[in-house]
Amino acid sequence: MADSLPTEFDVIIIGTGLPESILAAACSRSGQRVLHVDSRSYYGGNWASFTFSGLLSWLKECEQDSEAGDKSTVAWQNLIQDTEEAIALRRKDDSIQHVEVFCYASKDTGDSAEEIDVLQKNPSLVASSTLTKPLDSACLSEETHSDSTSPEMPAKDTPQHDGEILPEVTDREETQVKETDCGEKTCIHTVSDGAKDENKPVVEDNSGQPKRNRITYSQIVKEGRRFNIDLVSKLLYSQGSLIDLLIKSNVSRYAEFKNVTRILAFREGKVEQVPCSRADVFNSKELTMVEKRMLMKFLTFCLDYEQHPGEYQDFTQRPFSEYLKTQKLTPNLQHFILHSIAMTEPSCLTVDGLKATKHFLQCLGRYGNTPFLFPLYGQGEIPQCFCRMCAVFGGIYCLRHRVQCLVVDKESGRCEAVIDHFGQRISAKFFIVEDSYLSEDTCAGVQYGQISRAVLITDQSVLKADSDQQISMLTVPPAEPGARAVRVAELCSSTMTCMKDTYLVHLTCSSASTAREDLEPVVQKLFTPYAETEIDEGDPPKPRLLWALYFNMRDSSGVSRSSYHGLPSNVYVCSGPDCGLGNEHAVKLAETLFQQIFPGEDFCPPPPNPEDIIFDGDDKQPEAPGTNTLIVAKLEASEGSQNLDSPGQHLQ
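Residues numbered from 1 in each chain as written. Predicted model: local features only at pLDDT ≥ 70, side-chain atom pairs only at ≥ 80, totals over all residues. Heavy atoms only, no water.

Student: Got a minute to help me understand the overall build of the protein chain in this structure?
Tutor: Secondary structure summary: the protein chain contains 14 helices and 24 strands in total. Counting the 652 residues in the protein chain, one finds 56% classified as buried. Long-range pairs, those at least 24 residues apart, make up 77% of the contacts in the protein chain with a sequence separation of at least 6. Of the roughly 27700 Å² that the protein chain leaves accessible, carbon and sulfur atoms contribute 48%. (Helix = DSSP H or I, 4+ residues; strand = E, 2+ residues; numbered from the N terminus. Buried < 20%, exposed > 50% of the residue type's maximum accessible area, 1.4 Å probe, protein only. Contact = heavy atoms within 4.5 Å. Areas by Shrake-Rupley, 256 points an atom, 1.4 Å probe, with all protein chains shown as cover.)

This is the structure in structure tokens:
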């Protein structure tokens, strides 16, 4: 059990975010004894994915006092010897701030009772992940999850919170938007849709356009298990470091992926599709024949721009946007290249812009007609996949397991052990800690960045197409100089992240203010609240906004180790998610730390072929370390359900 762990390990890892999970897999694969703990009740930390009810529970946690005492915690001060000192860790991270929730979907009488009933049937389904049963709300069974300490692979079933059932977050009594000063607390806003007559259509459409389905908040709650909502919005470059690592380590067998089907651009108030491949360019109806030739000529140059330094030599220290103006490109093409292909800020240097354009082009065609992949069931699957690999090779996992302090030897200055909330003293040679666990004293000199995030549930795509199963990537350029571009990822139901007839939309940018202030202007350009009817019948109706969440997430990716105060030399820090589109920073950080801890060791090598393993001793071959029949059964069940419910693909 969690209160009787082994007392000695080679590596103790605190936090289950993506870099920590990659490090856990790499260390376990290299033969190290790994203890991987997290005070949360779900995998992934700020990289996690949630069901809808799980997200409501997470929002409730964000409201609670971050330093509230835990009655079950054993005092650790008396366990420190005279020759030692302790570095206390934070009880609960405060990396999420300025949380605001808006409900626009129509609310029928009794919705509040219905939601509470759903939450009681599925208590605090926090970390969303691949389901091993069909995604049918009528077939959902109550799951249990205990503090596991066996070297078992992390199950892809959703863990639960301990304690009471968390009530519905949105205040049902309010019927209009309420403005409040949120600070670091959660603000709840409920928007009324006026009349409650179920038989009254939301939008009267006499223009011959297809009828739009009426979606209520009650439906969203009932179908909450179909949602897998990421805290951080990322895509995988098909030629990126994370894809290469997934394939090299064979961790990719634990997940399935879908191609992002289209890249979009926002120009002059309209959303347009950006041609990516040669076929897209020549089939595009948005470009003239002259523009097609211009675009193909410039993209061909970008593929080997290093061979022609004279072409951009005078612009090496000047913005990429200025360089594009000299390349006989129309304003339309300049916009496409800058915001939808290079995906850079207007102030980006020319060399960086050319490099980004080349990377985009090199990623085309490996798995589809765009450079990006998205994991089925959300980004939160990726950390769990690496945790599963760690467990296969003997790693021990404990969720809801808080580490109170690091124990440091005064003479050597090295960390020797940790003390958990049970009062257990567990020793190790190396310690890896997620940044959010470090105390205010340790982080006193750290300057953090901030990421503005919004998560929306809408009723249709921002750009209609023949198929309603589109996965789209859109960049909205800054409205004024000095502002930040906003990245928009729109996911359809085939990604297993939202219910049928809805879309899950993620908005991300670097913070200048609160998330709502940064992102709401873009939301207003692309969407209309569900309760409002379209007046102008001449333009295609905008997608209707059913539900919205805004929050700021701390960005510690740019913090150097020297910024932390008083860390022992054998304690290593992993940062949280960065604002970038890909996962390159997390992979690079994990590999760098692994090489510092174990220089010369291979980073996440492929697992051995079971047929090549030779066992000594009995004629009967034992199982590979860390595996058992239970794990195999879970793998087969989860993979079967994925293949049944979604035409995803494994990486090769």
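Picking up after the structure, the text goes on.
Student: Teacher, can you tell me more about the pattern of salt bridges here?
Tutor: In total, this model carries 22 salt bridges according to the counting rule given. With its nearest N and O atoms 3.8 Å apart, the salt bridge here joins K60 to E63. Taken together, the positions of K60 and E63, both in helix α2 (residues 52-63) and three residues apart, correspond to about one turn of that helix. Among the residues examined, K60 registers a relative accessible area of 27% and is labelled partly exposed. Between D94 and R554 there is a salt bridge, with its nearest N and O atoms 3.3 Å apart. One end of the pair, D94, is in the loop between β4 (84-88) and β5 (96-103); the other, R554, is in strand β23 (residues 544-555), with 460 residues separating them in the sequence. Taking the relative accessible area as the measure of exposure, R554 reaches 10% and is therefore buried. Shared partners join several salt bridges into a network, and the residues in it are R90, D94, D435, E440 and R554. (Salt bridge = Lys/Arg side-chain N within 4 Å of Asp/Glu carboxyl O.)

Student: Explain the packing of aromatic side chains here, please?
Tutor: Any two aromatic rings considered together are summarised by their centre-to-centre distance and by the angle between their planes. According to the stated counting rule, one finds 18 aromatic pairs in the structure shown. A ring pair is formed by F52 and F227, whose centres lie 6.0 Å apart and whose planes are at 50°; its orientation type is tilted. Of this pair, F52 sits in helix α2 while F227 is found in the loop between α4 (217-222) and β7 (229-230), placing the two residues 175 residues apart along the sequence. Pairwise contacts between aromatic rings join Y42, F50, W58 and F551 into one cluster. (Phe/Tyr/Trp six-rings, centres within 6.5 Å; stacked < 30°, edge-to-face > 60°.)

Student: Looking at this structure, how should I read the sheet that holds strand β12 (residues 372-375)?
Tutor: Where strands meet in a sheet, backbone hydrogen bonds hold them as pairs that are either parallel or antiparallel. Within the open sheet, the three strands sit side by side as β8-β12-β9. Their pairing is antiparallel. Lying at the two open borders of the sheet, with one neighbouring strand each, are β8 (236-237) and β9 (257-259). Across two bridges, β8 lies against β12 in antiparallel orientation. In the strand pairing of β12, L236 is matched with L373. (Pairing = 2+ DSSP bridges.)

Student: Help me out: how do you make sense of the sheet that holds strand β14 (residues 403-409) in this one?
Tutor: Taken in spatial order, the four strands make up an open sheet running β4-β14-β15-β16, and their pairing is antiparallel. Pairing within the sheet leaves two strands with one partner each, and these edge strands are β4 and β16 (425-427). Taking each pair of neighbouring strands and ignoring which way they run, the sheet shows an average axis angle of 30°. (Axes fitted to C-alpha atoms, helices over the stretch in contact; angles between N-to-C directions.)

Student: Hey, could you run me through empty space enclosed by the protein in this one?
Tutor: A water-sized probe rolled over the atoms picks out the places where empty space is left. With the rule as written, the count across this model stands at three cavities of 30 Å³ or more. Put simply, the largest cavity is a space of about 80 Å³. As for the largest cavity, its lining consists of 13 residues, of which N46, E434, S575, G576 and P577 are closest to the centre. Residue composition of the lining of the largest cavity, grouped by class: two nonpolar, seven polar and four charged. (1 Å grid on protein atoms, 1.4 Å probe; cavity = no way out; pocket = protein on both sides within 12 Å on 5 of 7 lines; lining within 4 Å. Points joined across faces, edges and corners; volume = space filled by probe spheres on them. Nonpolar A, V, L, I, M, F, W, Y, C, P; charged D, E, K, R; others polar.)

Student: In this structure, what is going on with helix α5 (residues 241-249)? I would like to understand it.
Tutor: Each α-helix turn comprises 3.6 residues. Residues three or four places apart therefore point the same way. Of all the positions in α5, only L242, I243, L245, L246 and S249 are classed as buried. Within α5, the buried residues cover an arc of 165° as seen down the axis, which keeps them to one side. Contacts made by the buried residues of α5 are with α1 (18-29), β8, β9, β12, α11 (381-392) and α13 (584-597). (Arc of directions from axis to C-beta.)

Student: Would you mind going over the state of the cysteines with me for this structure?
Tutor: Covalent bonding between the sulfur atoms of two cysteines is what defines a disulfide. What the rule picks out here adds up to zero disulfides. C385 carries a free sulfur, and the closest cysteine sulfur to it, the one in C387, is 9.2 Å from it. (Disulfide = S-S within 2.5 Å.)

Student: Any chance you could explain the environment of S439 here in plain terms?
Tutor: One can find S439 in the loop between β17 (430-434) and β18 (449-458). Considering only alpha carbons, one finds S439 and K92, 347 residues apart in sequence, at a separation of 9.6 Å. Dropping the residues within four chain positions of it, S439 is found in contact with A88 and R90. A distance of 3.1 Å separates polar atoms of two side chains, one belonging to S439 and the other to T442. (Polar contact = N/O pair within 3.5 Å; in protein donor to acceptor, adjacent residues only side chain to side chain.)

Student: How should I be thinking about the pairing of strand β2 (residues 34-38) in this particular structure?
Tutor: Every regular strand shows the same layout, with side chains that alternate between the two sheet faces. Here β2 lies mainly inside the structure; five of its five residues are buried. Neither face of β2 is open: one carries V34, H36 and D38, the other L35 and V37, and all of them are buried. The parallel pair strand β1 (residues 11-14) and β2 is bridged by α1, and the resulting crossover is right-handed. Bridge count between β2 and strand β13 (residues 396-399): four bridges; the pairing is parallel. By the bridge assignment, H36 is partnered in β13 with Y397. (Right-handed = clockwise from strand over helix to strand, strands pointing away.)

Student: Help me out: how do you make sense of the layout of surface pockets in this one?
Tutor: Of the voids in this model, the second largest pocket is the one considered here, and its volume is about 900 Å³. With five residues, helix α10 (residues 350-363) is the largest single contributor of residues to the lining of the second largest pocket. The residue makeup of the lining of the second largest pocket, split by class, is 12 nonpolar, nine polar and seven charged. Composition of the lining of the second largest pocket by domain shows at least three residues from each of domain 1 (8-94 + 377-447 + 557-597) and domain 2 (277-363). (Domains from an automatic or database assignment.)

Student: Where do I start with the packing of α1 against α13 in this structure?
Tutor: When two helices pack together, you describe them by how their axes are tilted relative to each other and by the distance separating the axes. Remark: α1 packs on α13, axes separated minimally by 9 Å, with the N-to-C direction vectors making an angle of 40°. Considering the angle they form, α1 stands oblique to α13. The interaxial crossing formed by α1 with α13 has right-handed handedness. Between α1 and α13, the contacting residues are L18, P19, I22, L23, A26 and C27 on the first element and A586, V587, L589, A590, L593 and F594 on the second. Among the residues making up the contact of α1 with α13, the classes are represented as 12 nonpolar, no polar and no charged. (Parallel < 35°, antiparallel > 145°, perpendicular 65-115°, else oblique. Left-handed = near helix turned anticlockwise from the far one by under 90°.)

Student: Any chance you could explain the nonpolar core here in plain terms?
Tutor: Looking at soluble globular proteins, one finds that nonpolar side chains tend to be buried together. Counting residues in each nonpolar core, the largest one holds 99 residues, and the members touching the most others are F52, F298 and L507. In terms of residues, this core owes the most to one element, β23, which gives eight residues. Per-domain counts for this core show at least three residues from each of domain 1 (8-94 + 377-447 + 557-597) and domain 2 (277-363). Once you skip the residues sitting within four places of it in the chain, F52 turns out to touch Y217, I220, V221, G224, F227, I229, I457 and W547. Core analysis: the next-biggest nonpolar cluster, separate from the first, contains 49 residues, L18, L236, M389 and C574 among them. (Core = buried A, V, L, I, M, F, W, Y, C linked by side-chain atoms within 4.5 Å.)

Student: Teacher, can you tell me more about α11 here?
Tutor: Given a rise of 1.5 Å per residue, 12 residues ought to cover 16 Å, and the 17 Å separating the end C-alpha atoms of α11 matches this to within 8%. Residues E381, I382, P383, Q384, C385, F386, C387, R388, M389, C390, A391 and V392 constitute the buried set of α11. Downstream of α11 by a residue or two, G394 has a phi angle that is positive, lying close to 105°. (Expected span 1.5 Å × (residues − 1).)

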